[in-house]
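# Reading the structure
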Amino acid sequence: MTKTLLPPSARHLGTSRVGWQPHFQWVRLAWYQARSHTSKSARSRAKQHGRTLMNRRRRIYEGKAKILYEGPEPGTLVAHFKDDATAFNNKKHEVIDGKGVLNNRISEYIFTNLNEIGIQTHFIRRLNMREQLIKECEIIPLEVIVRNVAAGSIAKRLGIEEGTQLPTLGR
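Bear in mind that the values here come from a model prediction, so they are computed numbers and not experimental data.

Strand order in the open sheet formed by 5 strands is β2-β3-β4-β8-β7, and the pairing between neighbours is antiparallel. Each having just a single partner strand, β2 (59-62) and β7 (123-126) make up the two edges of the open sheet. Going across the sheet, the axis of each strand differs from the next one's by a mean of 25°, ignoring polarity. Sheet strands in contact with helix α3 (residues 99-116) are β4 (76-81), β7 and β8 (131-135), and its direction is about 135° off that of β7.

The following block contains the structure:
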């Protein structure tokens, strides 16, 4: 089942939004560009032939959220952000239309800001709405989940009801 996350101002696209609304103008822009980035016919041709549009390069790795392809120069990779969403150790799987585009834009925003304050990252530049050029590097296997509402295992661990608003950290 495919779900689409769109701001109310994008309802004219003929899809519904599900529970979350972006608050940044650059995120809204990403929704519109994601729809028009690749023509429908190119997407359907690629789907019919069982490949993505990035298949011209050798696939290095595929995870839950992205696929890494060899980059144009030695020491670089192309990260392609997927629309897949999983939960409960991959027992629940859905496709959320536009998720990869948002993840790419959020990733670009965070890594650009880190680079600007002197913290080196693997990010080189965004290539398009779903892909970015990155430096090949060794990763630190760390997963961070940020929520403002209790859900899943954190609600069980803390003994609070799901949906309870979590306290914000003081500034």
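From this point, things continue past the structure.
One can find glutamate 161 in the segment after α4 (152-158). Residues glutamate 161 and alanine 151, 10 residues apart in the sequence, show an inter-C-alpha distance of 8.1 Å.

So, about the confidence of the model for the protein. Averaged over every residue, the pLDDT of the protein is 75; the share at 70 or more is 67%. Contacts of residues 45-53 to residues separated by more than four positions or lying in other chains number 6 contacts, the stretch itself having pLDDT below 50.

Further remarks concern α3. Under the 1.5 Å per step criterion, the end-to-end length of α3 is 26 Å for 18 residues, consistent within 8% with the ideal 26 Å. Where α3 is concerned, the buried positions are Lys99, Gly100, Val101, Leu102, Asn104, Arg105, Ser107 and Glu108.

Below, the discussion takes up the nonpolar core. By size, the foremost hydrophobic cluster in this structure holds 5 residues: Leu68, Leu77, Ala79, Phe81 and Ile134. Per element, the largest residue contribution to this core is 3 residues, and it comes from β4. Beyond its immediate chain neighbours, meaning those up to four positions away, leucine 77 contacts Ile60, Leu68, Tyr69, Glu70, Gly71, Gln132, Leu133, Ile134 and Glu136.

Applying the stated criterion across every chain yields a total of 7 salt bridges. Arginine 59 serves as the salt-bridge partner of glutamate 62, at 2.3 Å between the closest nitrogen and oxygen. With a relative accessible area of 39%, glutamate 62 lands in the partly exposed category. The exposure class assigned to arginine 59 is partly exposed, which follows from its relative accessible area of 38%. Arginine 105 is the salt-bridge partner of glutamate 108, the closest N and O atoms lying 3.3 Å from each other. Of the two residues, glutamate 108 and arginine 105 both sit in helix α3, 3 residues apart, roughly one turn of that helix. The pair formed by glutamate 108 and arginine 105 is uniform in burial state, with each residue classed as buried. One continuous salt-bridge network, built from bridges that share partners, spans Arg59, Glu62, Lys82 and Asp84.

Right, let's get into the pairing of β2. Note: β2 against strand β3 (residues 66-70), 3 bridges, orientation antiparallel. Paired with arginine 59 across the two strands is tyrosine 69, which belongs to β3. Between β2 and β3, which pair antiparallel in sequence order, lie 3 residues.

Considering the arrangement of structural elements, one finds lysine 82 in the loop between β4 and β5 (84-87). Owing to a relative accessible area of 11%, lysine 82 belongs among the buried residues under this scheme. Sequence separation between lysine 82 and lysine 99 is 17 residues, and the spatial gap between their C-alpha atoms is 7.1 Å. Dropping the residues within four chain positions of it, lysine 82 is found in contact with Glu62, Gly63, Lys64, Ala65, Lys66, Ile67, Lys99, Gly100 and Arg130. Within the structure, the side chain of lysine 82 is placed 2.7 Å from the backbone oxygen of glycine 63, a separation counted as a polar contact.

Conventions and cut-offs
- Residues numbered from 1 in each chain as written.
- Predicted model: local features only at pLDDT ≥ 70, side-chain atom pairs only at ≥ 80, totals over all residues.
- Heavy atoms only, no water.
- Pairing = 2+ DSSP bridges.
- Helix = DSSP H or I, 4+ residues; strand = E, 2+ residues; numbered from the N terminus.
- Axes fitted to C-alpha atoms, helices over the stretch in contact; angles between N-to-C directions.
- Contact = heavy atoms within 4.5 Å.
- pLDDT = per-residue confidence, 0-100.
- Expected span 1.5 Å × (residues − 1).
- Buried < 20%, exposed > 50% of the residue type's maximum accessible area, 1.4 Å probe, protein only.
- Core = buried A, V, L, I, M, F, W, Y, C linked by side-chain atoms within 4.5 Å.
- Salt bridge = Lys/Arg side-chain N within 4 Å of Asp/Glu carboxyl O.
- Polar contact = N/O pair within 3.5 Å; in protein donor to acceptor, adjacent residues only side chain to side chain.

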